[in-house]
Amino acid sequence: MDAARIAGLTRWVMEAGLNGMMEPEILHGFCNRLVEAGLPVSRVNMIIDTLHPVYEGRAFRWRKNQADIEPVVEYGRTHEGEAAENWRRSTYYHLFHTGDDMLRRRIGPEHPADFVVLDELRGEGQTDYLALAHRFAAEGSIGEMDCVYSSWTTDVAAGFSEDQVSLLRDLALPLALAVKCASLARITETLVTTYLGRDAGRRVLSGRIARGVTDRIQAILWFSDLRGFTHVTEAAEPEQIIPFLNDYAEAIVSSIHDAGGDVLKLIGDGILAIFTAEDPAQACRCALDAERRMRARIGTLNKERASNNLPVTNAYLALHIGEVFYGNIGSQDRLDFTVVGPAVNEVSRIAALCRSVERDVLTSSAFFSTASESDRAALLSVGRYALRGVVRPQELFTLDLGSMDNDRT
């Protein structure tokens, strides 16, 4: 591989990282160019840890003449169980434990297989194996994302030459930098959408981060909380509280997202979300769809938890529509991307009335008036009520659930 090709490949991979190319595309483009330049690479894997609520990291894979392979594998926590055992038996763990940056093994009947992967590679006809570790300095690490590991194999009889090993070590460095760049962009998106919400996260990433920058929008407001949460926290074992909250938050948040809504805040056991659409009646329908999904998921969850002798509950829900300010609000060094306005106060007051009115769902008269005729047919008036801090009493409505038990347990 001549100097011009090496320089061209290095330039390509660095530009790929700067241009925002995703990790699988970077790896595939890099490896295909290696092969075109005459380097006999046949199988490449790369892994990098990440910051994600579920996954510990991601693995990227390339195979010569094998386009149908899954290019990305997201792996879970490797601290216990079978995943931990697999990690401890890997070449990457050996590099991690020893602090070395390279491990090379020839593959074949005349060579000892001191790692499980070598037997697998021998069965595939591979002859030489190279594992590399590119570590980050402390200032360049985020959580457990402190290294890019990669492995390279060939199936030519003679294996890699010493010059080819040296070249792979040199070229893997800009590749690791490009993959880290792409992974950091993905982590940023994951963090802002996880902690701010999907729509708010997209707005922040698009540059709407200045303090006081808000939009005036018309939105359906959702405010829910859990029935008897205080009692549950007093009666349940302390270690049960967080799993309890997580179980019910998963049921509620996933229902909101599946119906097209955006969750803005988790306030203890309470959830504030919005639904928007060009047609406000359609936004009402989405909110009611989310309520139906939530009710079904909580019903399933309660059966599972009850079978395990765990505390169960249900959700109170208020729905309202109004004009709100949506954007960055707070101090110079601590901002929140949320909604504010009288309508937000009203929906929280309506939610608080669910207990005294003994209804799981209450909607405002404004929501009722905005909903389509078919959706209004499913809503029944429960009378006029005074809302704390609101001048005029207003008529509230609930869902007509027929003979369905209001407790929904």
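Residues numbered from 1 in each chain as written. Predicted model: local features only at pLDDT ≥ 70, side-chain atom pairs only at ≥ 80, totals over all residues. Heavy atoms only, no water.

## So, the side chain of Arg43
Relative to the elements of secondary structure, Arg43 occurs in strand β1 (residues 43-49). Residue Arg43 is classed as buried on the basis of its relative accessible area of 7%. Setting aside residues no more than four positions away along its own chain, Arg43 makes contact with Trp62, Arg63, Glu120, Leu121, Glu124, Gln126, Ser151, Trp152 and Thr153. (Helix = DSSP H or I, 4+ residues; strand = E, 2+ residues; numbered from the N terminus. Buried < 20%, exposed > 50% of the residue type's maximum accessible area, 1.4 Å probe, protein only. Contact = heavy atoms within 4.5 Å.)

## Concerning the sheet that holds strand β2 (residues 57-63)
Strand order in the open sheet made by the 6 strands is β3-β2-β1-β6-β5-β4, with antiparallel pairing throughout. Each edge of the sheet is formed by a strand with only one pairing partner; in this case those strands are β3 (72-75) and β4 (102-106). Across the sheet, the mean angle from the axis of one strand to that of its neighbour is 15°, orientation sign disregarded. Bridge analysis of strand β5 (residues 128-135) against strand β6 (residues 147-154) gives 8 bridges, and the strand direction is antiparallel. Across the sheet, the residue bridging to Arg135 is Cys147, located in β6. Contacting β1, β2, β3 and β6, helix α2 (residues 23-36) runs over the sheet at an angle of about 30° to β2. (Pairing = 2+ DSSP bridges. Axes fitted to C-alpha atoms, helices over the stretch in contact; angles between N-to-C directions.)

## Re helix α11 (residues 342-357)
What sets the pattern is the α-helix's 3.6 residues per turn: residues three or four places apart point alike. An ideal rise of 1.5 Å per residue puts 22 Å on 16 residues; α11 measures up with 22 Å between its terminal C-alpha atoms. For α11, the set of buried residues is Ala343, Val344, Glu346, Val347, Ser348, Ile350, Ala351, Leu353, Cys354 and Val357. Phi for Glu358, located one or two positions after α11, is positive at around 60°. (Expected span 1.5 Å × (residues − 1).)

## Digging into the packing of aromatic side chains
Geometry of an aromatic ring pair is reported as the spacing of the ring centres plus the angle between the planes. A complete count under the given rule lists 11 aromatic pairs for this structure. Ring geometry for Phe368 versus Phe397: centroids 4.0 Å apart, planes at 5°, classification stacked. Taken together, the residues Phe368 in helix α12 (residues 365-370) and Phe397 in strand β14 (residues 394-399) connect sequence positions 29 residues apart. Residue Phe397 is classed as buried on the basis of its relative accessible area of 6%. (Phe/Tyr/Trp six-rings, centres within 6.5 Å; stacked < 30°, edge-to-face > 60°.)

## Digging into the packing of helix α1 (residues 3-18) against helix α6 (residues 162-196)
Across the interface, α1 lies against α6 with an axial gap of 7 Å and an inter-helix angle of 15°. Our classification of the angle between α1 and α6 gives roughly parallel. The chirality of how α1 crosses α6 is right-handed. Contacts between α1 and α6 pair Ile6, Leu9, Thr10, Val13, Met14 and Gly17 from the former with Leu167, Leu171, Pro174, Leu175, Ala178 and Cys181 from the latter. Of the residues assigned to the contact of α1 with α6, the class counts are 10 nonpolar, 2 polar and no charged. (Parallel < 35°, antiparallel > 145°, perpendicular 65-115°, else oblique. Left-handed = near helix turned anticlockwise from the far one by under 90°. Nonpolar A, V, L, I, M, F, W, Y, C, P; charged D, E, K, R; others polar.)

## Overview of α2
Between the first and last C-alpha of α2 there are 20 Å, a value that for 14 residues agrees with the 20 Å anticipated at 1.5 Å per step. Within α2, the full set of buried residues consists of Glu23, Pro24, Ile26, Leu27, Gly29, Phe30, Cys31 and Leu34. Against the buried residues of α2 lie α1, β1, β2, β3, β6 and α6. Gly38, located one to two residues past α2, shows a positive phi value of around 100°.

## Some thoughts on the confidence of the model for the chain
Considering every residue of the chain, the mean pLDDT works out to 91; 98% of them sit at 70 or more. In the model, residues 403-409 has pLDDT below 50 throughout and makes 18 contacts with residues more than four positions away in sequence or in other chains. (pLDDT = per-residue confidence, 0-100.)

## Focus on a nonpolar patch on the surface
A cluster of nonpolar side chains, contributed by Phe325, Ile329 and Val340, occupies part of the molecular surface with about 210 Å² of accessible area. In this fold, Ile329 is placed in strand β10 (residues 315-330). (Patch = residues over 30% accessible without salt bridge, like charges linked within 9 Å, V, L, I, M, F, W, Y side chains within 5 Å. Areas by Shrake-Rupley, 256 points an atom, 1.4 Å probe, with all protein chains shown as cover. Salt bridge = Lys/Arg side-chain N within 4 Å of Asp/Glu carboxyl O.)

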